[in-house]
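Structural overview for review
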Amino acid sequence: MIASLNPQQQAAVTSASKHALVLAGAGSGKTRVLTTRMAWLIQTGQATPFGLLAVTFTNKSAKEMLTRLTSMLPINVRGMWVGTFHGLCNRMLRAHHRDAGLPQTFQIMDSADQLASIKRLIKAAGIDDEKYPPRDVQRFVNGAKEEGERPGDVDAWDAHRRRMVEIYQLYQDQCERESVVDFAELLLRSYELLQRNAPVREHYQRRFQHILVDEFQDTNRLQYRWLTLLAGGGASMFAVGDDDQSIYAFRGARVGNMAEFERDFAQGNVVRLEQNYRSYGHILDSANALIAHNASRLGKNLWTEQGEGEMVRVVEQPSDMLEAQWIVDEIKSSIDEGRMRSEIAVLYRSNAQSRVIEHALFSSGIPYKVYGGLRFFERQEIKHALAYLRLLDNPHDDTSWLRVVNFPTRGIGARTLEQLGDIAREQNVSLFRAVAHVPGKGGANLARFAQLIQHMAHEAQVLTLPELIEHVVHHSGLLEHYKADREGADRLENLQELVNAATVFMHEERYDDAPAGRAHDESGPDSITGEIVGMSPLAAFLSHASLEAGDNQAQAGQDAIQLMTVHAAKGLEFDVVFITGVEEGLFPHENSLLESAGIEEERRLMYVAITRARERLYLTLAQSRMLHGQTRYAMRSRFLDEIPEQHLKWLTSKEAGARREPWSGAFRRGDAYNRPGTGTVAPRAARSTALGVTVGDRHFRVGQRVRHAKFGEGTILNLSGAGQDAQARIQFADAGQKTLALGVAKLDAVA
DNA sequence: GTGTCGTCCTTTTTT
DNA sequence: AGGACGACAC
């Protein structure tokens, strides 16, 4: 088990110090170390499976961990606390719902549900949604919760923020009324439960003597505190992560938690896993050189025994279309060499870039798969079916109620619903409770719907979960509705798939053929441990659906080129990787430059992208690309210049076209287009503006040095638009980046 | 209730 | 450019 590990991996797995921090570089066997550590703790008798707590961020890695563990040790992993932060918190809250102040049947809202809930609240409370856009409110609420702050804790220093806090409070009241919790609430509630309830806290502190955390660089403040609290009874903490791969600051992750952990817990017990088993030398050294430009790092240098391998290939094309075409041609020859299509990935910084690449692949008849689309449990028809199921468990869930009260249509219009909403608000009750007070025909229709729900809830007491879902799909009218729809065939298929998913779920959770709505075993032998949670198959399935949205890809099976954002590629690896759009403004993204430490996160993102490649890596860029309906021109990314020449092989000339240095002297127009090898000559109109724009009698070019009366000297990073509407993004030496309208701004060329 | 038109936005996203 | 969503008309 341990013998096959390298010395650093062994040191990590068998670390005898109380706490340890493992700095695990990309492709260094991180998951292996984590799972072997667990197996080793159990095998050497230092821990029982029962006494381990292992936390991950995604269901996928939790599953992977359990799979590997069972392959090493013949243990029963059922009842082990291995899962995502959210999954484990849910588990804890179900077991102690009373102590946590939650009804047993509380439902979990996903982000879309949460947004709908906030929109409804803003409308009902008559709040100006221009001043308080639902998305901003959602970000504010989640941000506060991730910092561990309730409305009363938020520092509200101005009127706008004070109002935000009020809305936050209103939202909390609404959630309470409807017995629903959002993702962040799962964590915060769990944290507060542990903090306030000594018996519960001490129970878990006693139980979990070893806490293991994966992807530690992605933890937020609340998660860190949650872990700290659980470890407060003397448990050992084993944290694995890579600060260089922290790319989720925008959603609350704090890289700083790693340094904090080292200071507060590990205290020097840091193990570095630096041997890389994935990539060849040139690729790895490129990544090392790039990331060395980041100032705030714990420090780490990857190495490999695999040899140099191929150099990193760099290609610059005149346009995004030609960039895509070039990639497709290169992919073709890779396939001709006998490579699997699924071993070739095309990565991009932003989703908008995929269109052009898809188009080129499609035209060439090459199968491809785009990751990041709608996931199974997010599909409209599935959300509808789930909304019905949720109402069976909790008819006060207004979000679900409103989703299906008139879907399929049953004569309940906006007017009736407004009436219903008014009554519910007046009496401070759920929509379900308010039904009885709506007069007239609308009231009768509502009553019929309420009866339908109650009737189906009754069925839940006798039918198994798959049977119940079939029943609901049929009697709700969903079946008929989609049958009548010309394009409903796929949706019906998905609904059938939902029934199948439920069958699998029942089997996996060992519910056998228990009725869907009947609680499993209300008072288990040890109710405080949560081992027997007392959830009905229906409730458990609904949690599952919220917490695990399903696969994030189109359709599996076929051997296809893999298309995804760099973020989505984290944790994956491919023989051949194309990193596209390696341009200033795109990668690094211009918005990131406005954020503090934004550029370092972009650099880590590039580091993640590079380290996905095993054998061959391409960096591609385009001098011009279509963005928001405008053609934009950009310089090559600064990241290209941070990789030493010795690792790069330019397949197109490095000097022509978009370059980083400001132009000095004459630049021969059209060079980039007329160079042999690119194969295409751009249309005349594009050619005349490709290198710059003309505003009145003045010419501006990308890379040109300019002086502004107020901002001082700067360099034009990119140009967009034409004539009097043309805009320039300019990096000023002192004033930072600005976007200026060239028709308005007073700019002088600097010699 | 359904269809059409106009407006708005556009970095990254798991749970 | 292109998609999503909301307002409005039939």
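Quantities reported herein were computed from a predicted structural model and do not represent experimental measurements.

Here is what the cut-offs are and how they apply
Residues numbered from 1 in each chain as written. Chains lettered and ligands numbered in written order. Predicted model: local features only at pLDDT ≥ 70, side-chain atom pairs only at ≥ 80, totals over all residues. Heavy atoms only, no water. Helix = DSSP H or I, 4+ residues; strand = E, 2+ residues; numbered from the N terminus. Contact = heavy atoms within 4.5 Å. Patch = residues over 30% accessible without salt bridge, like charges linked within 9 Å, V, L, I, M, F, W, Y side chains within 5 Å. Areas by Shrake-Rupley, 256 points an atom, 1.4 Å probe, with all protein chains shown as cover. Salt bridge = Lys/Arg side-chain N within 4 Å of Asp/Glu carboxyl O. Lys, Arg positive; Asp, Glu negative; His and termini not counted. Charge placed at Lys NZ, Arg CZ, Asp CG, Glu CD. Buried < 20%, exposed > 50% of the residue type's maximum accessible area, 1.4 Å probe, protein only. Pairing = 2+ DSSP bridges. Right-handed = clockwise from strand over helix to strand, strands pointing away.

**Structural notes on the environment of Val180**
- Relative to the assigned elements, Val180 resides in strand β5 (residues 180-181).
- A C-alpha to C-alpha distance of 50 Å links Val180 and Ile335, two positions 155 residues apart in sequence.
- When neighbours within four sequence positions are excluded, Val180 is seen to be in contact with Gln107, Met109, Cys175 and Asp397.

**Considering a negative patch on the surface**
- Taken together, the side chains of Glu467, Glu470, Asp512 and Asp513 make up a negatively charged region of the molecular surface.
- When its relative accessible area of 61% is taken as the criterion, Asp513 is described as exposed.

**Remarks on the pairing of strand β7 (residues 236-241)**
- With six of its six residues buried, β7 lies for the most part within the structure.
- What you see with β7 is no split at all: Ser236, Phe238 and Val240 on one side and Met237, Ala239 and Gly241 on the other are buried throughout.
- Where strand β1 (residues 20-24) lies against β7, four bridges are found, and the strand directions are parallel. Residue pairing across strands places Val22 opposite Val240, the latter belonging to β7.
- In this view, the connection linking strand β6 (residues 210-213) to its parallel neighbour β7 by way of helix α10 (residues 221-230) has right-handed handedness.

**With respect to the pairing of strand β19 (residues 705-708)**
- Of the two faces of β19, the one lined by Val706 and His708 is fully buried and the one lined by Arg705 and Arg707 carries no buried residue.
- Alignment of β19 against strand β20 (residues 712-720), held across four bridges, turns out to be antiparallel. Bridged to Arg707 within β20 is Glu713.
- Bridge count between β19 and strand β23 (residues 747-749): three bridges; the pairing is antiparallel. Bridge pairing links Val706 to Ala749 in β23.

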